[in-house]
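Okay, here's what each chain looks like letter by letter:
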Amino acid sequence: KYVNATNTLKTLLKQRQDTGRIYIHWLDEMNTHTPFTDKISQSNLCKEIMLPTAGYEDVISVYSDYSSDKVGEVALCFLSCPVAGRVTEEEYEDVAYYSLLMVDNVIDIMEYPFKQVEHTVKARRSVGIGLTNLAHDMAKRGLSYKTLEGKNYMHRLAEMHSFYLHKASLRLAREKGVCDWVGKTKYADGWLPVDSYNKNVDLVHTQDLRFDWEGLRKEILEVGGIRNSVLEATPPAESSSQASETTNSLYPIREGVVLKKSGSGITIFQAPDWDTLKGSYEMAWDIPTKDIIDCYAIFQKFHGQGISGDLWTDYSKYLDEKVPVSEMLTNFFYSTKMGLKTWYYQNSKAGISEKEGSSIESEDDGCESCKM
């Protein structure tokens, strides 16, 4: 049986716009720009984790020791996020190393519900080290999500993040050994993120590479790989942003003050340095979707996994508050062109509270794996 592809896509995008919670991923990009040689079939709920999985023949297999390639696999990933703007370039190599060391130790000491899961997790040692607080960092520097200068800065930050994570994983490989399943990755052959990214992203910035990737490749080949099967993934970082007093993930802010609602109650959250930087912060509603896509694409260039990428719509900007389907299609195809792997929430401007300049947000409790 056949269906009309255009009509199906339009239906998908309309329902996503209406509900805000239909998430999208591009499986082709997920399996192209990745260090894994095994097939990736899905992401996690928050759309940043992209690891190989395999089905089980029966329930008993989950409880048994790993004995053959026919046994299934559950994907687990371990997360951390350096805070953009709080780590200098001189400090970044050390911060990347100790972030990775911390997560590597967690892999070894945590208790696993199933022996088979423990085996595959320790054999792959997949991690997702992302970035958070980008909006605050940009505001402090007087940079915009919409300008070439801002996008060039994002490129410098994204490259530095990935490069030093690879250096850290290489250092851990020398100290503790490469991961057991390095042969199931492209790292054993010297793969790096700069090899397989979607080259269209280079149309939106003018920043040259700043680090010695070829020298790093040579070192990785000499060691036979790195400590981890994959390194980068940026989660929503919603809960941890409140604890660390940071803007979450790569997102611009929605308002200067928001009331974050979750199962544990309502928390008043103010953007860092709001009193002094309110003139420098950009609201998500005021940034064109194209520029948000460019931001994600730049970081995706250096991410072995993905990004929990939200989009924003201010309905007041449209006639009768209806977003044209043509615009939805344009955003979808532009994301495809730029090499995005996923879309997470489609946010709509609504729920303005009685206090001017604030709004009510629902904290993302949908995915326990994204809480750090």
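Here the structure is a predicted model, which means the values were calculated and not measured.

Participant: Just give me the short version of the side chain of threonine 34, but keep the residues and values in it.
Facilitator: For threonine 34, the location among the structural elements is in the loop between helix H2 (27-32) and helix H3 (60-63). The class of threonine 34 is buried, set by a relative accessible area of 1%. For threonine 34, the contacting residues outside a window of four places in its chain are Ile40, Lys186, Trp191, Ser196 and Gly304.

Participant: Could you give me a rundown of the packing of aromatic side chains, with the residues and numbers involved?
Facilitator: Counted according to the given criterion, the structure contains 18 aromatic pairs. Their ring planes at 25 degrees and their centres at 5.3 Å tell us that tryptophan 26 and phenylalanine 332 sit as a pair that is stacked. Pair noted here: tryptophan 26 is in the loop between strand E1 (24-25) and H2 and phenylalanine 332 is in helix H13 (residues 325-337), with a separation of 306 residues, a long-range link. Since its relative accessible area comes to 8%, tryptophan 26 is described here as buried. According to the relative accessible area criterion, phenylalanine 332 is buried, its value standing at 12%. Pairing phenylalanine 163 with phenylalanine 211 gives two aromatic rings, centres 4.9 Å apart and planes at 25 degrees, and the pair type is stacked.

Participant: Talk me through the packing of helix H7 (residues 148-176) against helix H9 (residues 213-223); I want residue IDs and the actual numbers.
Facilitator: Between H7 and H9, the shortest axis-to-axis distance is 11 Å and the interhelical angle comes to 25 degrees. Compared by their axis directions, H7 and H9 come out roughly parallel. Here the hand of the crossing between H7 and H9 comes out left-handed. Facing H7, whose interface residues are Glu159, Ser162, Phe163, His166, Lys167, Leu170, Ala173 and Arg174, H9 presents Trp213, Leu216, Glu219, Ile220 and Val223.

Participant: Describe the packing of helix H1 (residues 5-19) against H13, listing the residues and the values that go with them.
Facilitator: Running from amino to carboxyl end, H1 crosses H13 at an angle of 100 degrees, the nearest separation of the two axes being 10 Å. Here H13 runs roughly perpendicular to H1, going by the angle between their axes. Between H1, through Leu9, Lys10, Leu13, Lys14 and Gln17, and H13, the contact on the second element is made entirely by Val325, Met328, Leu329, Phe332 and Phe333. Across the contact of H1 with H13, the residue classes tally to seven nonpolar, one polar and two charged.

Participant: Account for H7, with residues named and values stated.
Facilitator: Helix length check: H7, at 29 residues, gives a terminal C-alpha distance of 42 Å against a target of 42 Å (1.5 Å per residue), a fit within 8%. Extensive coverage of H7 is indicated by the burial of 21 of its 29 residues.

Participant: Can you tell me about the side chain of serine 335, naming the residues and giving the values?
Facilitator: Tracing the sequence through the fold places serine 335 in helix H13. Of the residues examined, serine 335 reaches a relative accessible area of 0% and is grouped as buried. Sequence-distant contacts of serine 335, defined by excluding residues within four places in its chain, comprise Trp26, Ile293, Leu340 and Trp343.

Participant: Tell me about the nonpolar core, and please be specific about residues and values.
Facilitator: By size, the foremost hydrophobic cluster in this structure holds 85 residues, and its most contacted members are Tyr145, Leu157, Tyr296 and Phe299. No other element matches H7, which puts 11 residues into this core. With residues up to four places along the chain from it excluded, the contact list for tyrosine 296 reads Leu250, Tyr251, Ile307, Gly309, Asp310, Leu311, Trp312 and Leu340. Core analysis: the next-biggest nonpolar cluster, separate from the first, contains 10 residues, Ile49, Met50, Val230 and Ala233 among them.

Cut-off values and rules
- Residues numbered from 1 in each chain as written.
- Predicted model: local features only at pLDDT ≥ 70, side-chain atom pairs only at ≥ 80, totals over all residues.
- Heavy atoms only, no water.
- Helix = DSSP H or I, 4+ residues; strand = E, 2+ residues; numbered from the N terminus.
- Buried < 20%, exposed > 50% of the residue type's maximum accessible area, 1.4 Å probe, protein only.
- Contact = heavy atoms within 4.5 Å.
- Phe/Tyr/Trp six-rings, centres within 6.5 Å; stacked < 30°, edge-to-face > 60°.
- Axes fitted to C-alpha atoms, helices over the stretch in contact; angles between N-to-C directions.
- Parallel < 35°, antiparallel > 145°, perpendicular 65-115°, else oblique.
- Left-handed = near helix turned anticlockwise from the far one by under 90°.
- Nonpolar A, V, L, I, M, F, W, Y, C, P; charged D, E, K, R; others polar.
- Expected span 1.5 Å × (residues − 1).
- Core = buried A, V, L, I, M, F, W, Y, C linked by side-chain atoms within 4.5 Å.

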